[in-house]
Amino acid sequence: MPIFRDQAAKLVHLSNHYDNRYPTALAERLCDLTGMAGVFFSTGGTEAVEGAIKLARLAAWDGGAGRKCAFVSLNGSYHGRTYGALSVTGQERYRQGFAPGLPDIRFVDRNDIAGLRAAMDNDVCGILIEPLQGEGGVWECTKEYLAEARRLADEHHALLIYDEIQSGLGRTGDWFSYEASGVRPDVLIVGKPLGGGLPLSAFLVTEELFGVFQLAQHGSTLGGSPLASRLGLEFLSFMESEGMLHRIHQTSQYMQQQLQKLVKDFPVARAVRGRGLLLGLEISQPGRPIAEAALQRGLLLNVTQGNIFRFLPPYILEPQHIDQAIGIFQELLTIASEAEKAACATTERA
Ligand SMILES: Cc1ncc(COP(=O)(O)O)c(C=O)c1O
């Protein structure tokens, strides 16, 4: 990429004690896109989650006397593998072996409004939500649930934090998955495609939170480097100049139609979920053997929660690629269906 080579030849890294036009311009672009007022750059997604956790704690800090340090987070969520992010990840299998995590993390079920209300009190400093859970199996939060989370956060002076590391920056065909609900967060965490393949993540904050971190209370040596930031700007320009959001919507429509056909034709294929190019296909048996067979045929598949294929294809995916993948799926689901039928027949005979 000429931009990569050009910037690499000029300046890759700069101490964050100094200003540089690319991180500044990228921060301004992100604020324009989201209506947020401040951006803190870091490297990986999990590091941005750590920053958001610290921010919520600090915003609620009253000098050490109080206990306003609890978080409400969702069962099935995934927020990363560093210590704080792991503590608020609602999947036991990731946390196992690392206990105890951060104290007073209250896990609630997605879309269970009564459960959310029951978990809230004035000790909570942050509600952390993936509006569209990816790793958890491609599940969306309802608009009503997000609206109640917003109301409860306001009532209890806690921050509403959205983790859109996986679902944001165009993945759903909108810039952010929460946009469909109209319910805005106080803190928005982004990552993955932001650096165009280089490590770059960020958490974005509202005007009220802009001054919470004082100098040196948080930092990242390599976060928001001139090189990664320039690629970030290029990524956002590409999304706009190529009409990528519209294209993602169209590609998604076609892909969902094809996946729905699989559900119609194969009893082992149970349901299609998701939006944009964050889609899931749930099947009635373990997905790993099918993923391994797909790999032999040149198709990379991701299985989450044991039986859900989670699709996060590149934004530039074309219908012909979808056709190719569906062809392989048809072949493998035929084999899987026959195996399931044979297993049922054996059980019935026994
Ligand atoms: C929703 C979500 N949060 C946090 C993370 C952690 O990001 P990273 O792997 O860049 O640290 C991920 C990564 O998959 C994610 O999907």
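Residues numbered from 1 in each chain as written. Predicted model: local features only at pLDDT ≥ 70, side-chain atom pairs only at ≥ 80, totals over all residues.

1. What to know about the domain arrangement of the protein
You can read the domains of the protein as domain 1 (2-241) and domain 2 (244-349). Taken together, the contact pairs 17 residues of domain 1 with 18 residues of domain 2. Split into classes, the residues belonging to the side of domain 1 that touches domain 2 amount to five nonpolar, nine polar and three charged. (Domains from an automatic or database assignment. Contact = placed C-beta atoms within 7 Å. Nonpolar A, V, L, I, M, F, W, Y, C, P; charged D, E, K, R; others polar.)

2. Regarding the sheet that holds strand β2 (residues 70-74)
Strand order in this open sheet of seven strands is β1-β9-β8-β7-β4-β2-β3, and the pairing throughout is mixed. Of all strands in the sheet, those bounded by a partner on one side alone are β1 (38-42) and β3 (105-108). Sheet twist, expressed as the mean angle between neighbouring strand axes with direction ignored, is 20°. Bridge count for β2 against strand β4 (residues 124-129) is four bridges, and the pairing is parallel. In the sheet register, valine 72 faces β4, and the bridge partner there is isoleucine 127. Those strands touched by helix α3 (residues 45-60) are β1, β4, β7 (159-163), β8 (187-190) and β9 (201-205), and its axis lies near 25° from that of β9. (Pairing = 2+ DSSP bridges. Helix = DSSP H or I, 4+ residues; strand = E, 2+ residues; numbered from the N terminus. Axes fitted to C-alpha atoms, helices over the stretch in contact; angles between N-to-C directions.)

3. A few points about the sheet that holds strand β12 (residues 303-304)
Read from one edge of the open sheet, four strands run β10-β11-β13-β12, paired in antiparallel fashion. Of all strands in the sheet, those with a lone pairing partner are β10 (269-275) and β12, marking the two edges. Docked against the sheet, helix α9 (residues 244-265) engages β10 and β11 (278-283), running at close to 165° with respect to β10.

4. Observations concerning unusual backbone geometry
Residue proline 100 is reached from alanine 99 by a cis peptide bond, and omega for that bond is -5°. With respect to the helices, strands and loops of the structure, proline 100 is situated in the loop between α5 (92-95) and β3. Despite not being glycine, leucine 169 has its phi angle at roughly 60°, a positive value. Among the secondary structure elements, leucine 169 is positioned in the loop between β7 and β8.

5. Brief notes about the packing of α9 against helix α11 (residues 319-349)
Relative orientation of the contacting elements α9 and α11 amounts to 15°, with a least axis distance of 10 Å. What the angle tells us is that α9 and α11 run roughly parallel. The hand of the α9/α11 crossing is right-handed. Judged by residue contacts, Tyr254, Met255, Gln258 and Leu262 of α9 engage Pro319, Ile322, Ile326, Phe329 and Leu333 from α11. Along the lines of polarity and charge, the residues of the contact of α9 with α11 split into eight nonpolar, one polar and no charged. (Parallel < 35°, antiparallel > 145°, perpendicular 65-115°, else oblique. Left-handed = near helix turned anticlockwise from the far one by under 90°.)

6. What about the site of the ligand?
Lining the immediate surroundings of the ligand are 14 residues, of which Gly44, Gly45, Thr46, Gly80 and Gln166 lie closest. Element by element, the count of residues in the shell around the ligand is highest for α3, at three residues. Looking at side-chain class alone, the shell around the ligand contains three nonpolar, eight polar and three charged residues. (Near = placed C-beta within 6 Å.)

7. Remarks on the environment of leucine 198
In this structure, leucine 198 sits in the loop between β8 and β9. Note on leucine 198: 17 C-beta atoms within 10 Å, which makes it partly exposed. If near-sequence neighbours (up to four positions away) are discounted, leucine 198 is found in contact with Leu227, Ala228 and Leu231. (Buried ≥ 20, exposed ≤ 12 C-beta atoms within 10 Å, placed from the backbone.)

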